[in-house]
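Results of the structural survey
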Amino acid sequence: ESTIGRVMAAVSQGEGFARPNRFMVDFILPKGVSVQSSGTADGFEETLFEEEIIRSTKAGELNSYSEIQRGLRAFVETIDMPGRTLDTTDFTVYGPKRQIVTGHSFSGEITMTVYCDKYMRQRGFFETWQKAAFDQGTNNVHFYDEYTGAIRIYALGAFSGDAFRDRIAYGVHMYECYPKTITAVPLNYGTQNEIMQINISFYYRNWSNLSIDEVRN
């Protein structure tokens, strides 16, 4: 068998190559800021607390963005698939040194580019997510588990058994995510027939492979 034949056989066994333009992204939303009752008879302290978070994203508010959340599957233009690094230290007894694994780490950040409709609802969605982390009026910050959600990134592939429709071929689940940075959007009278885009940097703590690792939400 020729080298080309072996290559073609390997490609055929894998049912073709993975393509970077066939992907899908799902966002799992954070719970938002909880309004805690003080338990006083007149409710004075509870009202005070509600005023402290009046410009925050409270529990359940992001649910009103569920339609935009689902629509983001079609609006995400680019996104980074996260990587992983084995941390090492040099170890030498005699002769050439060895690098011994001491742990593993993640970059902790990915970027994505998202198209916007004319109301810029996609930008508003991520701004609302950010406001689960802080209050714009008091500048107080909220609890970590109130503003962290999750992201799932899927690589898609066409399968002959499904009439070559796209199906999930690979996926990762990213834990404890939030939109760290929403970059400025340049506006320009000279642009013609261009779609507005926003660039977003997401923090994440770690990730798992949805095929070979067990994922619990």
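The following refers to the structure shown. (Residues numbered from 1 in each chain as written. Predicted model: local features only at pLDDT ≥ 70, side-chain atom pairs only at ≥ 80, totals over all residues. Heavy atoms only, no water.)

With that settled, the discussion passes to the nonpolar core. One finds Phe27, Met112, Val114, Phe126, Ile151, Met174 and Phe202 to be the most contacted residues of the largest nonpolar core, which totals 26 residues. Elements with a contribution of two residues or more to this core: β1 (23-28), α3 (66-75), β2 (76-79), β5 (109-115), α4 (121-130), β6 (149-159), β7 (165-182) and β8 (197-203). Take this core: its biggest share by element is four residues, from β7. When sequence neighbours within four positions are dropped, the list of residues in contact with Ile151 reads Val25, Asp26, Phe27, Met112, Val172, His173, Met174, Cys177 and Phe202. (Core = buried A, V, L, I, M, F, W, Y, C linked by side-chain atoms within 4.5 Å. Buried < 20%, exposed > 50% of the residue type's maximum accessible area, 1.4 Å probe, protein only. Helix = DSSP H or I, 4+ residues; strand = E, 2+ residues; numbered from the N terminus. Contact = heavy atoms within 4.5 Å.)

Across all of its chains, the model carries seven salt bridges by this definition. Between Asp90 and Lys97 there is a salt bridge; the shortest N-O distance is 3.2 Å. The exposed category is assigned to Lys97, whose relative accessible area is 52%. Across the pair Glu109 and Lys180 runs a salt bridge, and its minimum N-O distance is 3.3 Å. Here the residue Glu109 occupies a position in strand β5, and Lys180 occupies one in strand β7, the gap between them amounting to 71 residues. We classify Glu109 as partly exposed; its relative accessible area is 37%. (Salt bridge = Lys/Arg side-chain N within 4 Å of Asp/Glu carboxyl O.)

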